[in-house]
Amino acid sequence: MSKRQLRLLKVIVFVVCLLPFSFIVWDTLNNLLGADPIQTLHFKTGDWTLRFLLLTLSLSPLSRLFNVPLPLRFSRMFGLFTFFYASMHMLVWLVLDQSLSIDNMLEDVPASPYIILGLLAYTLLIPLAATSTAHMMRVMGDSWFTLHKLIYLIAVMGVIHFFWLTKLDYIEPLIYAFVLSVLLAFRWPVIKRIFL
Amino acid sequence: MLIKKPAFIGENEVTPKEDFDNSRSLISVSRRQFLAKSSTIMLASGLAPSTLWAGNKIEKYTKSVYSIKEKPTPYEYVTTYNNFYEFGTAKGDPAVNAHLLKTKPWSVTIEGEVGKPGVYDLEDILKRQQFEERIYRLRCVEAWSMVVPWIGFPLADLIKQIEPTSKAKYVEFTTLYDPKQMPGQNRRTLKWPYVEGLRMDEAMNPLSLMATGLYGEELPNQNGAPLRLIVPWKYGFKSIKSIVKIRLTEHMPKTSWNESVSHEYGFYANVNPTVPHPRWSQSRERIIGAPLFTPKRDTEMFNGYGEQVASLYEGMNLKRFF
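What counts as what
Residues numbered from 1 in each chain as written. Chains lettered and ligands numbered in written order. Predicted model: local features only at pLDDT ≥ 70, side-chain atom pairs only at ≥ 80, totals over all residues. Heavy atoms only, no water. Helix = DSSP H or I, 4+ residues; strand = E, 2+ residues; numbered from the N terminus. Contact = heavy atoms within 4.5 Å. Areas by Shrake-Rupley, 256 points an atom, 1.4 Å probe, with all protein chains shown as cover. Expected span 1.5 Å × (residues − 1). Pairing = 2+ DSSP bridges. Axes fitted to C-alpha atoms, helices over the stretch in contact; angles between N-to-C directions. Salt bridge = Lys/Arg side-chain N within 4 Å of Asp/Glu carboxyl O. Buried < 20%, exposed > 50% of the residue type's maximum accessible area, 1.4 Å probe, protein only. Polar contact = N/O pair within 3.5 Å; in protein donor to acceptor, adjacent residues only side chain to side chain. Buried area = accessible area lost by both parts, 1.4 Å probe. Core = buried A, V, L, I, M, F, W, Y, C linked by side-chain atoms within 4.5 Å. Parallel < 35°, antiparallel > 145°, perpendicular 65-115°, else oblique. Left-handed = near helix turned anticlockwise from the far one by under 90°. Nonpolar A, V, L, I, M, F, W, Y, C, P; charged D, E, K, R; others polar.

Draft legend 1. Fine view of the overall build of chain B. Across its full length, chain B holds 10 helices and 13 strands. Once local pairs closer than 6 in sequence are excluded, the contacts in chain B between residues at least 24 apart make up 73%. Accessible surface, chain B: about 14500 Å² in total, of which carbon and sulfur atoms supply 55%.

Draft legend 2. Looking closely at helix H3 (residues 75–97) of chain A. Under the 1.5 Å per step criterion, the end-to-end length of H3 of chain A is 31 Å for 23 residues, consistent within 8% with the ideal 33 Å. In the stretch just after H3 of chain A, Ser99 of chain A is the one whose phi turns positive, near 50°.

Draft legend 3. Region of the structure containing the sheet that holds strand E3 (residues 118–121) of chain B. Residue and element names in this part refer to chain B. With mixed pairing, five strands are arranged side by side in an open sheet as E3-E2-E11-E6-E7. What marks the edges here is a single partner per strand, and that holds for E3 and strand E7 (195–199). Across the sheet, the mean angle separating the axes of adjacent strands is 20° when strand polarity is ignored.

Draft legend 4. Fine view of the pattern of salt bridges. All names here are of chain A. The final tally for this structure, using the stated rule, is 27 salt bridges over all chains. Of the charged contacts in the structure, one is a salt bridge between Asp27 and Lys44, with a shortest N-O distance of 3.8 Å. Within this pair, whereas Asp27 is found in helix H1 (residues 3–29), its partner Lys44 is found in helix H2 (residues 37–65), the two being separated by 17 residues in sequence. For Asp27, a relative accessible area of 16% corresponds to the buried category.

Draft legend 5. Region of interest: the side chain of Arg279 of chain B. Secondary-structure assignment places Arg279 of chain B in the loop between helix H9 (256–260) and strand E12 (284–287). Classification of Arg279 of chain B by relative accessible area gives buried; the value is 11%. A distance of 2.9 Å separates a polar atom in the side chain of Arg279 of chain B from the backbone oxygen of Thr166 of chain A. Excluding anything up to four places from it in sequence, Arg279 of chain B contacts Ala111, Ser112, Pro113, Tyr114, Phe163, Trp164, Leu165, Thr166 and Lys167 of chain A together with Glu264 and Tyr265 of chain B.

Draft legend 6. The interface of chain B and chain A, seen in detail. On the chain A side, the residues contacting the 31 residues of chain B number 29 residues. Both faces considered, chain B and chain A share a buried interface measuring about 2300 Å² in area, 54% of it formed by carbon and sulfur atoms. Three residues stand out in chain B for area buried against chain A, namely Arg279, Arg284 and Leu292 of chain B, and they jointly supply 31% of the buried area on that side. With a closest N to O distance of 3.9 Å, Asp108 of chain A and Lys296 of chain B form a salt bridge. At the boundary of chain B with chain A, the tally comes to 16 residue pairs in polar contact (both at pLDDT 80 or more).

Draft legend 7. Just helix H8 (residues 150–165) of chain A, in detail. Residues and elements named next belong to chain A. Taking 1.5 Å as the rise per residue, H8 with 16 residues should run 22 Å; its terminal C-alpha atoms sit 23 Å apart, in good agreement. If you check which residues of H8 are buried, you get Ile151, Ile154, Ala155, Met157, Gly158, Val159, His161 and Phe162. If you follow the buried residues of H8, they end up packed against H2, H3, helix H5 (113–130), helix H7 (142–148) and helix H9 (171–185).

Draft legend 8. Quick look at unusual backbone geometry. A cis geometry characterises the amide bond from Trp192 of chain B onward to Pro193 of chain B, with omega recorded as -5°. The peptide bond linking Ala225 of chain B to Pro226 of chain B adopts the cis configuration, its omega dihedral lying at 0°. By secondary structure assignment, the location of Pro226 of chain B is in the loop between strand E9 (217–218) and strand E10 (228–230). Its identity as a non-glycine residue notwithstanding, Asn67 of chain A has a phi of 55°, on the positive side. Of note, Asn67 of chain A is situated in the loop between H2 and H3. Of the residues examined, Asn67 of chain A reaches a relative accessible area of 69% and is grouped as exposed.

Draft legend 9. Representation of the environment of Pro110 of chain A. Along the chain, Pro110 of chain A falls in the loop between helix H4 (102–108) and H5. If we ignore the near neighbours within four places in the chain, the residues touching Pro110 of chain A are Met105 and Ile116 of chain A.

Draft legend 10. Layout of the environment of Ala168 of chain B. Residue and element names in this part refer to chain B. For Ala168, the location among the structural elements is in the loop between helix H7 (155–161) and strand E6 (170–175). Look at Ala168 and you get buried, because its relative accessible area is 9%. Between the C-alpha atom of Ala168 and that of Met200, which follows or precedes it by 32 residues, the distance is 7.3 Å. Excluding anything up to four places from it in sequence, Ala168 contacts Glu113, Met200, Leu248 and Thr249.

Draft legend 11. Here's a closer look at the pairing of E6 of chain B. Residue and element names in this part refer to chain B. For E6, a buried count of six out of six residues is recorded, marking the element as mostly surrounded by other parts of the structure. Where E6 lies against E7, five bridges are found, and the strand directions are antiparallel. Each bridged residue has a counterpart across the sheet, and for Glu172 the counterpart in E7 is Gly197. Here six bridges tie E6 to strand E11 (residues 243–249), and the two strands are oriented antiparallel to one another.

Draft legend 12. Examining the nonpolar core more closely. If you look at the biggest cluster of nonpolar residues, it comprises 86 residues, and the most contacted ones within it are Phe173 and Met210 of chain B. Broken down by element, this core gets its largest block of residues, six residues, from strand E5 (residues 144–154) of chain B. Contact partners of Phe173 of chain B, with chain neighbours within four places excluded, come to Leu155, Tyr194, Val195, Glu196, Gly197, Leu198, Met210, Leu229, Ile240, Ile243, Lys245 and Ile246 of chain B. Ranked by size, the runner-up nonpolar core spans 23 residues in total, among them Leu128, Ala129, Ala155 and Met157 of chain A.

Draft legend 13. Just the packing of H2 of chain A against H3 of chain A, in detail. All names here are of chain A. H3 packs onto H2 with a crossing angle of 160° between their chain directions and a minimal axis gap of 8 Å. Taken together, the axes of H2 and H3 are roughly antiparallel relative to one another. Read as a crossing pair, H2 and H3 show a hand that is left-handed. Its residues assigned to classes, the contact of H2 with H3 comprises 15 nonpolar, nine polar and one charged.

This is how it looks when you write it as structure tokens:
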């Protein structure tokens, strides 16, 4: 694939990754969020955060499985989209759910293990996003890879966050947990040797 | 002894004719009118008949002094944003699936510590009641609330009519169990059938309502047709829907959510902003149908009904008996 083609492909993928966001904006502007708009926005932005996170984690297994480097070209973009949707999720919580009130947060956060976990996971995402440039990769050397291993922990936290906020019907978080387990299993040396 | 379908009032209890005539006119659309109307609509739109029952207007009711002054949540949201796991766990599922429920005919089993046990036609029970419209706030345990104009009759009236014995300390309600009509029951989310209960004094409180309608019409199926409980000072899951059995008991009933996750959902489930759910704060609530940037509402003790019900729990540790 030529440089030109790759660039074109990246533009296309970038636009596609923005589609969920544009649908969310469209629904918001046109009053299509339903009876409980704050909750709807929470779920939509949260779902897309987890989806992009899993998508990011699937790139290296895909690359090895098909023995092509192409998927790895999108690690940064998908990683940053994960951060983007996570940031939208945070904004919904801060602005709409908490009305930016410290008092509200002081009441809600300690009462809620899933909020604490979500806040922690988001905090851990920040250094990853901040060091995502090629320049930072060069500067940091090996420690860059060590730091970015945090993504596995963040993914686990994200899925547990979903479990902890769910009431009784665990199908959706179970699906995320299943996909994440498969993706993590591919990192396990034994499985890696057999399948990849 | 249970007698199949006895009349709800014994032969010896004669209702004054005046009352009787009044009660007959409770439901304004006669069966014949309804059938004529419904077949036309059915031909036109292919709607299932059960969804049409919801369109029946209830005309004979009084306005209640217990109504709050706030503007009700739009009908659209009241009838499409429902927790009714018998029809699915997503909020929109009940509105989609509830047409499978057949609410006519409907019978209610009255049993336990009562002088008048039996299986009664719902119509026979309803004939005797005085209906009123009550605009209540409904506060869900999930930290949202809506305001609903219910139509119903005091639960206390019904309990007096079935003649509790001296052993009757609790009221236990049971929802229909029929996975064919309630497809959500094919999944073991909760243990079916759904059971809820009240202490006798809670049940006799004038706020406890047996609802058969909302917004001036018979209840849509997704809202718990044809007969549901409304206990406005408790979290919504106490207000059991589509009731087929009422049992007075000496012992505290085993209620569904409490049985399923006992450390999260208590028997009492009184709305209480100072006692958080183990996984989230209960101090504020999202207002259903409010514009996006509306701040959340401060949740009130007993959902704002403290004046009428606080005395029921005097001396009780409400953190322990949540």
